[in-house]
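Okay, here's what each chain looks like letter by letter:
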Amino acid sequence: MAAGAQLVAVALLLLAGAGPRLAPAELTDGNSEHLKREHSLMKPYQGAGSAAMPLWDFQGSTMVTSQYVRLTPDERSREGSIWNRVPCFLKDWELHVHFRIHGAGKKNLHGDGLALWYTQERLVPGPVFGSRDNFHGLAIFLDTYPNDEATERVFPYISAMVNNGSLTYDHSKDGRWTELAGCTAEIRNQNHDTFLAVRYSRGRLTVMTDVEDKNEWKNCIDIAGVQLPTGYFFGASAGTGDLSDNHDIISMKLFQLMVEHPLEDDTVDWTKIEPSVSLLKSPKDNVDDPTGNFRSGPLTGWKVFLLLLCALLGIIVCAVERNKRFY
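Residues numbered from 1 in each chain as written. Predicted model: local features only at pLDDT ≥ 70, side-chain atom pairs only at ≥ 80, totals over all residues. Heavy atoms only, no water.

Caption draft 1: Looking closely at the sheet that holds strand β7 (residues 136-143). Strand order in the open sheet made by the seven strands is β1-β4-β14-β6-β7-β8-β9, with antiparallel pairing throughout. On the outer flanks of this sheet lie β1 (56-60) and β9 (181-184), each paired with one strand and no other. In this sheet, neighbouring strand axes are inclined to one another by 15° on average, regardless of whether the strands run parallel or antiparallel. For strand β6 (residues 113-119) and strand β14 (residues 233-239), the ladder comprises seven bridges, and the chain directions are antiparallel. (Pairing = 2+ DSSP bridges. Helix = DSSP H or I, 4+ residues; strand = E, 2+ residues; numbered from the N terminus. Axes fitted to C-alpha atoms, helices over the stretch in contact; angles between N-to-C directions.)

Have a look at this one:
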């Protein structure tokens, strides 16, 4: 029975190491009490149609109208972005984005998508959805076109990436090598409003969508162990290539989250923190998972069941072997 007891001990150790699953994040109801207007883009846009927007800068093909900010028109080889001028020094925040992606292209004949940023750099054009590669900070990609013909994922696809400047986004693989987690979402050519929420609080990154005209948030990404510094900038960018779409931002609303932190956090210089993620496995392991959601929990329910089943079978086998010795 010693071997059986060892199997049970290993099973319990693995279960303990898995830790509790993350409880669903509760997003703010969007009340204006904690709305940070200096980091928010809302109608009526001040200086609409001109470069005179006091809190926001835009570049490239970006066009500001009275109803939306169009990052790219439905034309080939265009890119544009809009960036907040004010660095954000909040440790806990939640960003609500009202967006619209639409165009004349049919299935898989449109692209490329848009990106939401919280980064050290701003207003630097580049190949990653209209913005620079090797960035410092957080990016949320709303990718509408599958460049990797071998992919099993269903597009449009939303994914997250944290970078300390050393990683390169691989468009040919749709960013799969550096993706932390993601989900499929029908975000294109919808006849109703589409929203995305990004929440960062106490090292936990949560991304949720409201794109089904149900007025309710649906979980997309939930990752613990994320470290983001303060003093970075919020922005949005989009790009088109041989295929195109209209990429519109209707609003970006930032809310301050009132969260208690341990006393030792008061001694930390949050502006000096390096963007990082404490992963139990490398994002490169994502390559064998068509869903990309390996961060839903270190051990999912069926894995726990199989683990306990193996432990039970081990105990039975050991018991049978022990009984044989008496005959």
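Caption draft 2: Region of the structure containing the state of the cysteines. Evaluated as defined, the whole model comprises one disulfide. Linked covalently through their sulfurs, C183 and C220 form a disulfide whose S-S length is 2.0 Å. The chirality of the disulfide connecting C183 with C220 is left-handed, given an S-S dihedral of about -105°. Of this pair, C183 sits in strand β9 while C220 sits in strand β12 (residues 218-223); the two residues are 37 residues apart in sequence, bridging distant segments of the chain. (Disulfide = S-S within 2.5 Å.)

Caption draft 3: Quick look at the pattern of salt bridges. Using the criterion set out here, one finds 12 salt bridges in the structure. With its nearest N and O atoms 2.6 Å apart, the salt bridge here joins D57 to R85. Here D57 is found in strand β1, whereas its partner R85 is found in the loop between β4 (79-84) and β5 (93-102), with 28 residues between them in sequence. Between E94 and R199 there is a salt bridge, and its shortest N-O distance comes to 2.8 Å. Here the residue E94 occupies a position in strand β5, and R199 occupies one in strand β10 (residues 194-201), the gap between them amounting to 105 residues. Look at E94 and you get buried, because its relative accessible area is 0%. By relative accessible area, R199 is classed as buried at 16%. Salt bridges linked by common partners bring D57, R85 and R122 together as one network. (Salt bridge = Lys/Arg side-chain N within 4 Å of Asp/Glu carboxyl O. Buried < 20%, exposed > 50% of the residue type's maximum accessible area, 1.4 Å probe, protein only.)

Caption draft 4: Expanded view of the environment of F195. Among the secondary structure elements, F195 is positioned in strand β10. It is 9.5 Å that separates the C-alpha atoms of F195 and N215, two residues lying 20 residues apart in sequence. Residues contacting F195, with those up to four places away along its chain left out, are V97, H98, F99, M208, T209, D210, V211 and W217. (Contact = heavy atoms within 4.5 Å.)

Caption draft 5: Up close: the pairing of strand β11 (residues 204-210). In terms of residue burial, β11 counts as a mostly covered element, since six of its seven residues are buried. When β10 meets β11, the two strands line up antiparallel, connected through seven bridges. Each residue of the ladder has a partner; that of A197, found in β11, is M208. Counted between consecutive antiparallel strands, the loop separating β10 from β11 contains two residues, among which R202 sits at a positive phi close to 50°. Examined bridge by bridge, β11 and β12 share five bridges and lie antiparallel to one another. Residue V207 lies in a different strand from β12, and its bridge partner there is I221.

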